[in-house]
Amino acid sequence: MEGTQPQPAAAAEPPARPAVGKPEGPVAAVLIAAGIGALVLGILTVWAEASVGFSESLAYNDRVGPLSGKTIWAAVAFVVGWVALTLALRRRRVDLMKATVVSIVLLGLGYLGTFSPFFRIFESE
Amino acid sequence: MELTTRDFWGLVHGIGLGGLFLVAFAGGLAGLYSLKPGLVTESGVADRMRRLIVGTTTMAAVAWATVITGTWVVYPWYREDEPTSPRSALLASPDTDEWHKFGMEWKEHVAWIAPMLATAVAVIVLYYRQDLIRNQTARRIAMGLFVAAFVTAAIAGLLGALITKKAPIT
């Protein structure tokens, strides 16, 4: 037929876009590590409230009391989690939205565990 | 007029580092918000990125400095086992004990989440740099974390200010 020009296949249906840019792994690592740090802080806070013995074992410094152990371990969990996840994910393409959802869940539990009306429910007699 | 060691560290923790945190947050948030292809020219991105890196890394460093000075320098004076310490004074009366049980107990724990969030934001900005303008998902995640870090620090800061007004460290 005159006037009809064949269209290249690629123009009719573009190929799926390959993933471009830097891998998201290192960003996913720090997102999830922040959640891990918060979660550890929340768990230690609730646990220390429930057990006097455990609370005393966290008092690495007499002046600061149990808060010293809780915050040291939370910071250690954040840093170790960050380093470990970065090593594991550094070259991987990761869905950042999924990593964010995981981080939000962990952070949510961390916020809950550090909320005084919540952790006081577990207060030991 | 005399400024004691305790006054000095209270000011460093609450006003100095707190004020710097606020400035870094405002600058960082404005930088992150405006990092959109339609709003910034190519040449403008490089300049904006420098300020964004400074703003977010400062905020992360200040957040860590705030919780460390708060926990290891100021908090021991608050919780001294003496009848005149702020903690003892607040717990001595049923009218004020919730300032410690609710306010201080929440503040001293939740504040430590802020530096972790602020660090995550700084890492995102340092990792993507100029590419952040092309990765709007990462930019939005960074903004969300940035606001969460600020709200967390603001809760701790507000409670700290109110508790200090009720029972100052002397």
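Each chain has its residues counted from 1, running along the sequence as written. Written order decides the labels, with chains lettered from A and ligands numbered from 1. Per-residue local features are limited, in this predicted model, to residues with pLDDT of at least 70; the limit for side-chain atom pairs, both in listing and counting, is 80 or more; totals at the level of whole chains, interfaces and linings are taken over all residues. Each side-chain value is worked out from all heavy atoms of the structure, with water and hydrogens disregarded.

1. What to know about the overall build of chain A
Point 1. Put simply, DSSP H or I for four residues or longer makes a helix, DSSP E for two residues or longer makes a strand, and each gets a number counted from the N terminus. Looking only at helices and strands, chain A features six helices and zero strands.
Point 2. When the helices and strands of chain A are listed from N to C terminus, the series reads α-α-α-α-α-α.
Point 3. In chain A, the share of contacts with a sequence separation of at least 24, taken over all contacts with a separation of at least 6, comes to 78%.
Point 4. Under the convention used here, a 1.4 Å probe and the Shrake-Rupley method define accessible areas, while residue burial counts only the protein chains that appear. Of the roughly 7,300 Å² that chain A leaves accessible, carbon and sulfur atoms contribute 66%. Working rule for contacts: check all heavy atoms of both residues, and any pair within 4.5 Å makes them a contact.

2. A few points about the overall build of chain B
Point 1. When helices and strands are tallied, chain B shows six helices and zero strands.
Point 2. The linear arrangement of helices and strands in chain B, starting from the amino end, is α-α-α-α-α-α.
Point 3. For the C-alpha atoms alone, the extent of chain B along its principal axes is close to 60 × 35 × 20 Å.
Point 4. Remark: exposure states derive from per-residue accessible area (1.4 Å probe, protein chains only) relative to the maximum for the residue type, with buried under 20%, exposed over 50%, and partly exposed in between. Expressed as a percentage of its 170 residues, the buried residues of chain B come to 48%.
Point 5. The long-range fraction of contacts in chain B, counting pairs at least 24 apart against all pairs at least 6 apart in sequence, stands at 76%.
Point 6. About 8,200 Å² of surface is accessible on chain B, with carbon and sulfur atoms providing 65% of the total.
Point 7. Just so you know, the count uses Lys and Arg for positive and Asp and Glu for negative, and it drops His and the chain ends. Working definition for charges: the position is that of NZ of Lys, CZ of Arg, CG of Asp or CD of Glu. In chain B, which carries 15 positive and 13 negative side-chain charges, the distance between the mean positions of the two groups comes to 14 Å.

3. A short note on the interface of chain A and chain B
Often, the extent of an interface is quoted as the loss of accessible area on bringing the components together.
Point 1. Each partner contributes to the interface: chain A provides 39 residues, whereas chain B provides 32 residues.
Point 2. We define buried area as the total accessible area lost by two parts upon association, computed with a 1.4 Å probe and summed across both. The junction of chain A with chain B conceals about 3,100 Å² of combined surface from both sides, 73% of it contributed by carbon and sulfur atoms.
Point 3. Note on definitions: salt bridges are taken to be side-chain nitrogens of Lys or Arg within 4 Å of carboxyl oxygens of Asp or Glu. Seen at the junction of chain A and chain B, the total is one salt bridge.
Point 4. A salt bridge links B:E98 to A:R120; the shortest N-O distance between them is 3.3 Å.
Point 5. Two N or O atoms form a polar contact when they lie within 3.5 Å of each other; inside protein one atom must be a possible hydrogen donor and the other a possible acceptor, and for residues adjacent in sequence the pair counts only when both atoms belong to side chains. The tally of links from chain A across to chain B stands at nine residue pairs in polar contact (both at pLDDT 80 or more).
Point 6. Every element with two or more residues in the side of chain A that touches chain B is listed here: helix 2 (25–50), helix 4 (66–89), helix 5 (96–113) and helix 6 (116–119) of chain A.
Point 7. The greatest single-element share of the side of chain A that touches chain B, amounting to 10 residues, is contributed by helix 4 of chain A.

4. As for the pattern of salt bridges
All names here are of chain B.
Point 1. Going through the model one piece at a time under the given rule, you end up with seven salt bridges over all chains.
Point 2. Between D47 and R50 there is a salt bridge, with the nearest N and O atoms lying 3.4 Å from each other. Of this pair, D47 and R50 both sit in helix 2 (residues 42–78), three residues apart, which is roughly one turn of the helix.
Point 3. Notably, a salt bridge pairs R134 with D131, separated by 2.8 Å at the nearest N-O pair.
Point 4. Three or more residues joined by partner-sharing salt bridges are found here, namely D47, R50 and R51.

5. Observations regarding the packing of helix 1 (residues 5–33) of chain B against helix 6 (residues 136–166) of chain B
All names here are of chain B.
Point 1. Here an angle of 0 to 180 degrees is reported between the N-to-C directions of two axes, which are lines fitted to C-alpha atoms, with helices fitted over the stretch in contact. Close contact between helix 1 and helix 6 brings their axes to 10 Å; oriented N to C, the two are set at 160°. It follows from the interaxial angle that helix 1 and helix 6 lie roughly antiparallel. The handedness of the crossing between helix 1 and helix 6 comes out as left-handed. Contacts from F21, L22, A24, F25, G28, L29, L32 and Y33 of helix 1 reach helix 6 at R139, A142, M143, F146, V147, A149, F150 and A153.
Point 2. Each residue receives one of three labels: charged for Asp, Glu, Lys and Arg, nonpolar for Ala, Val, Leu, Ile, Met, Phe, Trp, Tyr, Cys and Pro, and polar for the others, Gly being one of them. Its residues placed into classes, the contact of helix 1 with helix 6 shows 14 nonpolar, one polar and one charged. Here roughly perpendicular refers to angles of 65 to 115 degrees, roughly parallel to angles under 35, roughly antiparallel to angles over 145, and oblique to all remaining angles. Whether a crossing is left-handed or right-handed is set by the direction in which the near helix is turned from the far one by less than a right angle, anticlockwise for left-handed and clockwise for right-handed.

6. Quick look at the confidence of the model for chain B
Point 1. Confidence per residue, as judged by the predictor, is encoded in pLDDT with a range of 0 to 100. Put simply, chain B has an average pLDDT of 92, and 100% of its residues get 70 or more.
Point 2. Overall fold confidence (pTM) sits at 0.90, and the ipTM for the predicted complex is 0.93.

7. Re helix 5 of chain A
Point 1. The length a helix should cover is 1.5 Å for every residue beyond the first. End to end, helix 5 of chain A covers 25 Å across 18 residues, agreeing with the expected 26 Å (1.5 Å per residue, within 8%).
Point 2. Within helix 5 of chain A, the full set of buried residues consists of A:L96, A:A99, A:T100, A:S103, A:L106, A:L107, A:G110 and A:G113. For helix 5 of chain A, the buried positions fall inside an angular range of 145° around the axis, keeping them on one side. Exposed side chains of helix 5 of chain A directed beyond 90 degrees from the buried face belong to A:K98, A:V101 and A:I104.
Point 3. In this fold, the buried residues of helix 5 of chain A make contact with helix 2 and helix 6 of chain A together with helix 5 (113–128) and helix 6 of chain B.
Point 4. By the N-cap criterion, in which a side-chain oxygen at the helix start approaches the backbone nitrogen of a residue two or three places on, helix 5 of chain A is capped by A:D95, the distance to A:M97 being 3.0 Å. Here the arc refers to the directions that run from the helix axis out to each C-beta atom.

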